[in-house]
Amino acid sequence: MESSPGARGSAEPANKRAFTELDRLLRGEVTQTASLQRGAIDVDPGRLSLVAIVLSMVHGACMGTFALFSAGSASAMQVLGSMIKVPALFFLTLLVTLPSLYVFNALVGSRLTVAAVVRLLVATLGVIVAVLASLGPIVAFFSVSTTSYAFILLFNVVILGVSGTLGMLFLLQTLHRLMLARPRSTPDVSAQSPAEPLSEPSGPLDRLDDRSLSRHVRTIFRIWIIVFGLVGAQMGWVLRPFVGNPSLPFTWFRGRESNFFQAVLHTISSLFS
C-alpha cells in the first residue's frame, strides 16, 4: 500500500523538507496556475524563512572572505558580521515593504490576505537568497583573487542586483498568476477565449500569454517593485559594512552619512581614477 504525500512529508527530516520546498519553488511547481486557485502560494513561510536565513548566512560568509585576505582588517569579525547582517538586510526590507504590498494589492482588487502576502514575500526572498548562495563561490573567488576594495564592493553590488532582479521577476510573475487565477468575470483581466484553459508555464519566471493584466495593474505592481529595490538598497547602506574596508578598523556599523547611490557613484569614480 503506497503511503500518502502527507505521510511521506511527515517522515522526511524537517531540514530536508525545507530544502525540498525551496527546490519546488525554484522549479515552478508551487506557482502553477492550478496551485494558485486557492488565492495564495502554497509554501510554509516559517520553514522557508529558516532556509533563507541559512542561505543568506552562507552568502554573507562569502562576502566577508575579502576581509580574510586583507592585511590589517579584523577578518574573522567581518565574516561573522556579514553572516548576521545579510539575513537582517532581507528580512528588515521585507518587514518595511510588507504593508505597502498589501495596500497596493488591495488597490488593484486583489483578494490576497495579509497571510498570503507574507507567503508571497517569503517565497520571493527564498528565490533571491537561493540565487545569492549559488553565486557565493564566485564572490569568494573574486574576493581572494583581488586586492581592490572598490572592485569587490561594486562586484557585490552587481551580484545583489542580479539576485534581486530575478527575485522581483519571480514576484511579478507570481502576482500576475495570482490575479489571473481569479474568476474570469473580474474587470482587471481579459481572456482570449473563456472556455480555453490557461497554458501552464514551464518555470516560475515564464510569462502567461493567454490572458494579460490591465495596464494600471501592471504599473502599480512595477511601482512597488521599484519601492522594494530602493528600500533594499538603502537598507544595505544602513547596515554596512558587509565586505570590510582593509584601510579601516572593523566596526559593526558605519556612521549615518550620504546614501547608497552616492556611495556607488563615488566607488565607481575611485575604481577608474
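For the structure given in this document, a descriptive report is provided here. (Residues numbered from 1 in each chain as written. Predicted model: local features only at pLDDT ≥ 70, side-chain atom pairs only at ≥ 80, totals over all residues. Heavy atoms only, no water.)

A few words now on the environment of Thr65. Mapping Thr65 onto the fold places it in helix 4 (residues 65-68). Separated by 17 residues in the primary sequence, Thr65 and Ser82 have C-alpha atoms spaced 9.6 Å apart. Excluding residues within four positions of it along the chain, Thr65 makes contact with Val79, Ala140, Ser143 and Val144. Reaching out from Thr65, the side chain makes a polar contact with the backbone oxygen of Cys62 at a distance of 3.0 Å. (Helix = DSSP H or I, 4+ residues; strand = E, 2+ residues; numbered from the N terminus. Contact = heavy atoms within 4.5 Å. Polar contact = N/O pair within 3.5 Å; in protein donor to acceptor, adjacent residues only side chain to side chain.)

All right, on to the packing of aromatic side chains then. Both the distance between ring centres and the angle between the ring planes are used here to describe each pair of aromatic rings. In this structure the tally under the stated criterion is eight aromatic pairs. A ring pair is formed by Phe142 and Phe151, whose centres lie 6.0 Å apart and whose planes are at 50 degrees; its orientation type is tilted. The class for Phe142 is partly exposed, based on a relative accessible area of 27%. Overall, the relative accessible area of 27% leaves Phe151 in the partly exposed class. (Phe/Tyr/Trp six-rings, centres within 6.5 Å; stacked < 30°, edge-to-face > 60°. Buried < 20%, exposed > 50% of the residue type's maximum accessible area, 1.4 Å probe, protein only.)

Structurally, Asn105 is set in helix 5 (residues 75-107). Within the structure, Asn105 has its side chain in polar contact with the backbone oxygen of Leu101 (distance 2.8 Å). Residue contacts for Asn105: discarding those within four places in its chain leaves Ser110, Leu112, Leu175 and Phe221.

Our next topic: the packing of helix 3 (residues 45-63) against helix 5. Orientation of helix 3 relative to helix 5, taken along the N-to-C sense of each, is 135 degrees, at an axis distance of 7 Å. Viewed along their axes, helix 3 and helix 5 adopt a mutual orientation that is oblique. By crossing handedness, the relation of helix 3 to helix 5 is classed as right-handed. Where helix 3 approaches helix 5, its residues Ser49, Ala52, Ile53, Ser56, Met57, Gly60, Ala61 and Met63 are matched on the opposing element by Val79, Ser82, Met83, Val86, Pro87 and Phe91. (Axes fitted to C-alpha atoms, helices over the stretch in contact; angles between N-to-C directions. Parallel < 35°, antiparallel > 145°, perpendicular 65-115°, else oblique. Left-handed = near helix turned anticlockwise from the far one by under 90°.)

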